[in-house]
Amino acid sequence: MMRLSRLLVPLICALTLAAGAPAVAAERSATSAGASDVPATQLDAIRRLDFMVGHWAGSGWVDTASGRQEFLQAEKVAYKAGGQVLTVEGQGRDKADPRRIVDTALAVVSYSDETGQYRWEAFSQGHVTESVPVVGDRFFQWSLETGGPTIRYTLRFTGRTWHEVGEYTLDGGATWRQNFQMDLRRVA
């Protein structure tokens, strides 16, 4: 289980999100070309995630089999493909030695008119994770079923900050234990 938690750190870090109006406007104008070909329902659904768009930086920790590890995190969240998807690119560095990269990840958030659901696809360390996230007002949550523990990541945004908590359950959700936390600030 701890090995799985360690492998998921990049995925968690990839979820770093939140945004302000200037970055959202800049990203929208950069993706307006070709947007007329994308169904309005998809564009509207992805625009619900405006709070995620921007550049973010901060720090966090993860509990692993070898103990708690602290990291520095940078994230870039941007519209792509005419505004029909959102990409989340993250890079984590060892807090004790910032020259050392400890993980990189890429995630793509899309919306399907056919299912009426969002889709989260994350790529990190040779693993691909697919999930149906829950999207709310300045809220994003996704879960991962592993055949053992269920892992979930909950992101909450307030102003220019983003707070993310990772938890796992071994009893079907009756109890959850935190094993990850990340706090970022919008830097651009």
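What counts, and at which threshold
- Residues numbered from 1 in each chain as written.
- Predicted model: local features only at pLDDT ≥ 70, side-chain atom pairs only at ≥ 80, totals over all residues.
- Heavy atoms only, no water.
- Patch = residues over 30% accessible without salt bridge, like charges linked within 9 Å, V, L, I, M, F, W, Y side chains within 5 Å.
- Areas by Shrake-Rupley, 256 points an atom, 1.4 Å probe, with all protein chains shown as cover.
- Salt bridge = Lys/Arg side-chain N within 4 Å of Asp/Glu carboxyl O.
- Helix = DSSP H or I, 4+ residues; strand = E, 2+ residues; numbered from the N terminus.
- Buried < 20%, exposed > 50% of the residue type's maximum accessible area, 1.4 Å probe, protein only.
- Phe/Tyr/Trp six-rings, centres within 6.5 Å; stacked < 30°, edge-to-face > 60°.
- Lys NZ or Arg CZ within 6 Å of the ring centre and 35° of its normal.
- Core = buried A, V, L, I, M, F, W, Y, C linked by side-chain atoms within 4.5 Å.
- Arc of directions from axis to C-beta.
- Contact = heavy atoms within 4.5 Å.
- Pairing = 2+ DSSP bridges.
- Axes fitted to C-alpha atoms, helices over the stretch in contact; angles between N-to-C directions.

Some words on a nonpolar patch on the surface
Turning to step 1, where the next piece is worked out: On the surface, a cluster of nonpolar side chains totalling about 240 Å² of accessible area is made up of L106, F123 and V128.
Turning to step 2, where the next piece is worked out: The topology assignment puts L106 in strand β4 (residues 101-112).

Brief notes about the pattern of salt bridges
Turning to step 1, where the next piece is worked out: One pass over the full model with this rule turns up eight salt bridges.
Turning to step 2, where the next piece is worked out: For R68, the salt bridge identified is with D63, shortest N-O distance 2.8 Å.
Turning to step 3, where the next piece is worked out: Among the residues examined, D63 registers a relative accessible area of 19% and is labelled buried.
Turning to step 4, where the next piece is worked out: Here the residues in one salt-bridge network are R119, E121 and E130, joined through shared partners.

A look at the packing of aromatic side chains
Turning to step 1, where the next piece is worked out: As enumerated under the stated definition, the model contains eight aromatic pairs in all.
Turning to step 2, where the next piece is worked out: Ring centres of F51 and F157 lie 4.8 Å apart, and the angle between their planes is 55 degrees; this geometry places the pair in the tilted category. Of the two residues, F51 is situated in the loop between α3 (40-47) and β1 (54-64) and F157 in strand β9 (residues 150-158); the sequence distance between them amounts to 106 residues.
Turning to step 3, where the next piece is worked out: Owing to a relative accessible area of 5%, F157 belongs among the buried residues under this scheme.
Turning to step 4, where the next piece is worked out: Their ring planes at 20 degrees and their centres at 6.2 Å tell us that F157 and W162 sit as a pair that is stacked.
Turning to step 5, where the next piece is worked out: Seen from the ring of W61, R68 lies directly overhead, with NZ or CZ sitting 3.4 Å from the centre.
Turning to step 6, where the next piece is worked out: Geometry around W176 places R152 over its ring, the cationic atom sitting 3.8 Å from the centre.

Quick look at unusual backbone geometry
Turning to step 1, where the next piece is worked out: Despite not being glycine, A81 shows a phi value in the positive range, around 55 degrees.
Turning to step 2, where the next piece is worked out: Inspection of the secondary structure assignment puts A81 in the loop between β2 (67-80) and β3 (85-94).
Turning to step 3, where the next piece is worked out: Phi at Q125 takes a positive value of approximately 50 degrees, unusual for a residue other than glycine.

Observations concerning the nonpolar core
The tendency in soluble globular proteins is for nonpolar side chains to be buried as a group.
Turning to step 1, where the next piece is worked out: Judged by nonpolar contacts, the single largest core of 31 residues is most densely connected at L49, M52, L86, V109, Y118, W120 and F140.
Turning to step 2, where the next piece is worked out: At four residues, the largest contribution of residues to this core is made by β9.

Here we look at α3
Turning to step 1, where the next piece is worked out: Q42, L43, A45 and I46 are the residues of α3 that are buried. Buried positions in α3, seen along its axis, are confined to an arc of 165 degrees and lie on one side of it.
Turning to step 2, where the next piece is worked out: The secondary structure elements touched by the buried residues of α3 are β2, β3, β4 and β5 (117-124).

Some words on the sheet that holds strand β8 (residues 139-145)
Turning to step 1, where the next piece is worked out: Spatially, β6-β5-β4-β3-β2-β1-β11-β10-β9-β8-β7 is the arrangement adopted by the 11 strands of the open sheet, whose pairing is antiparallel. Bordering the open sheet on either side are β6 (127-131) and β7 (134-136), each of which pairs with just one other strand. Going from strand to strand, the sheet's axes swing by 20 degrees on average, the running direction of each strand aside.
Turning to step 2, where the next piece is worked out: Pairing of strand β10 (residues 161-169) with strand β11 (residues 177-186) involves eight bridges; the strand directions are antiparallel.

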